[in-house]
Amino acid sequence: MSRDGAGSTAVQSVQIDAQSDGQRIDNFLLRVLKGVPRSHLYRLLRRGEVRVNKGRIKADYRLRCGDVVRLPPIRLGAAAPPARVPEAQLARLDQAVIYEDERLLVLDKPSGLAVHGGSGLSYGVIESLRQLRPGRELELVHRLDRETSGCLVLCKRRSALRELHALIRDGGLDKRYLALLVGELPRAELLVDAPLKKNVLSSGERVVRVDPQDGKPSRTRFRRVERFVVGEQVLTLVEAELLTGRTHQIRVHAAHLGTPLAGDEKYGDAAANRWLKHYGLTRLFLHAATLSFKLEAMARPLRLDAPLPQDLQRVLGGLGQEVRDL
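Definitions and limits used
- In this convention, every chain numbers its residues from 1, walking through the sequence in written order.
- For a predicted model such as this one, the threshold for reporting local features is a pLDDT of at least 70, and the threshold for listing and counting side-chain atom pairs is 80 or more; totals across whole chains, interfaces and linings nevertheless cover every residue.
- The side-chain figures draw on all heavy atoms in the structure; neither hydrogens nor water molecules are used.
- Exposure is judged per residue with a 1.4 Å probe applied to protein chains only, and the accessible area is read against the type maximum: over 50% gives exposed, under 20% gives buried, and values in between give partly exposed.
- Per the convention used, a helix needs a DSSP run of H or I reaching at least four residues, while a strand needs a run of E reaching at least two, with both numbered from the N terminus.
- One bridge is not enough; two strands pair if DSSP finds at least two bridges between them.
- In this analysis an axis means a line fitted to C-alpha atoms, helices contributing only their contacting stretch, and an angle means the value between N-to-C directions, from 0 to 180 degrees.
- Note on terminology: angles under 35 degrees are roughly parallel, angles over 145 are roughly antiparallel, angles of 65 to 115 are roughly perpendicular, and the others are oblique.
- Residue contacts are defined here by distance: any two heavy atoms, one from each residue, within 4.5 Å place the two residues in contact.
- For this classification, the nonpolar set comprises Ala, Val, Leu, Ile, Met, Phe, Trp, Tyr, Cys and Pro, the charged set comprises Asp, Glu, Lys and Arg, and every other residue, Gly included, is treated as polar.

A. The arrangement of the pairing of strand β8 (residues 104-109) in detail. Of all six residues in β8, six are buried, a share of seventy percent or more. Across the two faces of β8 the burial is the same, with Leu 104, Val 106 and Asp 108 and Leu 105, Leu 107 and Lys 109 all buried. Examined bridge by bridge, strand β7 (residues 97-100) and β8 share three bridges and lie antiparallel to one another. Directly across from Val 97, in β8, lies its bridge partner Leu 107. Turn length for the β7-β8 hairpin, with the two strands adjacent in sequence and antiparallel, is three residues. Bridging between β8 and strand β10 (residues 149-155) involves six bridges; their strand directions are antiparallel. In the sheet register, Lys 109 faces β10, and the bridge partner there is Gly 150.

B. Seen up close, unusual backbone geometry. Although it is not a glycine, Asn 53 sits at a positive phi angle of roughly 55°. Among the secondary structure elements, Asn 53 is positioned in the loop between β4 (51-52) and β5 (55-56). Since its relative accessible area comes to 44%, Asn 53 is described here as partly exposed.

C. Here's a closer look at the packing of helix α3 (residues 87-95) against helix α4 (residues 125-132). Viewed as axis vectors pointing N to C, α3 and α4 meet at an angle of 90°, and their least axial separation amounts to 10 Å. Compared by their axis directions, α3 and α4 come out roughly perpendicular. Residues Gln 89, Leu 90, Leu 93 and Asp 94 of α3 touch α4, and the partners they reach there are Val 125, Ser 128, Gln 131 and Leu 132. Split into classes, the residues belonging to the contact of α3 with α4 amount to four nonpolar, three polar and one charged.

Put into structure tokens, the structure is as follows:
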């Protein structure tokens, strides 16, 4: 990267090749602008100082072969050494790998661990796994919220990443979650078709809302698995099938139904969350339980299952000891 002074880069235009085809612009910037804080890169994107084909883009824009990226002048400090992940954390993640081959790695992500560092976090899943698998170009295929547990897919090769992103766009990646709703699901199976729009509050907090006019198409199918009645409170364990993949989609669609997710501090029922702490629920009850897809090189679809974590099993067990209505 050229510099126009001590520690500064000049304006650059970079043409995207096949290696970077399909990569998110934020991840591309993190790779090519090593040493620049993540927060600063996102600020450049918000201001429109990073452009693709002379146009403004958002952080989730996926690059295409032939795109021309404008990189603004940036003052670079010495790149900080990557944070060393504690050995206990590495061992925990190594045991959480549920599938691995030459192209893919699938993890049963623990709740409480972010998929990547930043925003005050020195490391996340991706940094930890790169330390566990040195020399591999590991990239996230999709994301899970920090509190959400379960199946998370990473790629070791750019070709597999492009193929999986195409499957996601075409609905070829089947993702099923287990979630506990505060309230009664009106029917045994229910499709929520409600456009969603991301909003950023003045505090910087990201909030997603149903927006019929400006929202992006978003669809979730809920299926009742089990129903619990404790006193006057009804809770419903559901399977949530993502038909699109928007930020906080299951959480916002559940709240839109009037049955928010148990333990959801952003979109949920505060009183119900306090009550559920008596049953041991101290986090969001959302688990990516099943994932299935078929890449071209596969003879048959690959299905991966992550069992419900013990902390969530104990919550259901406590509710079931009260009154259970199957």
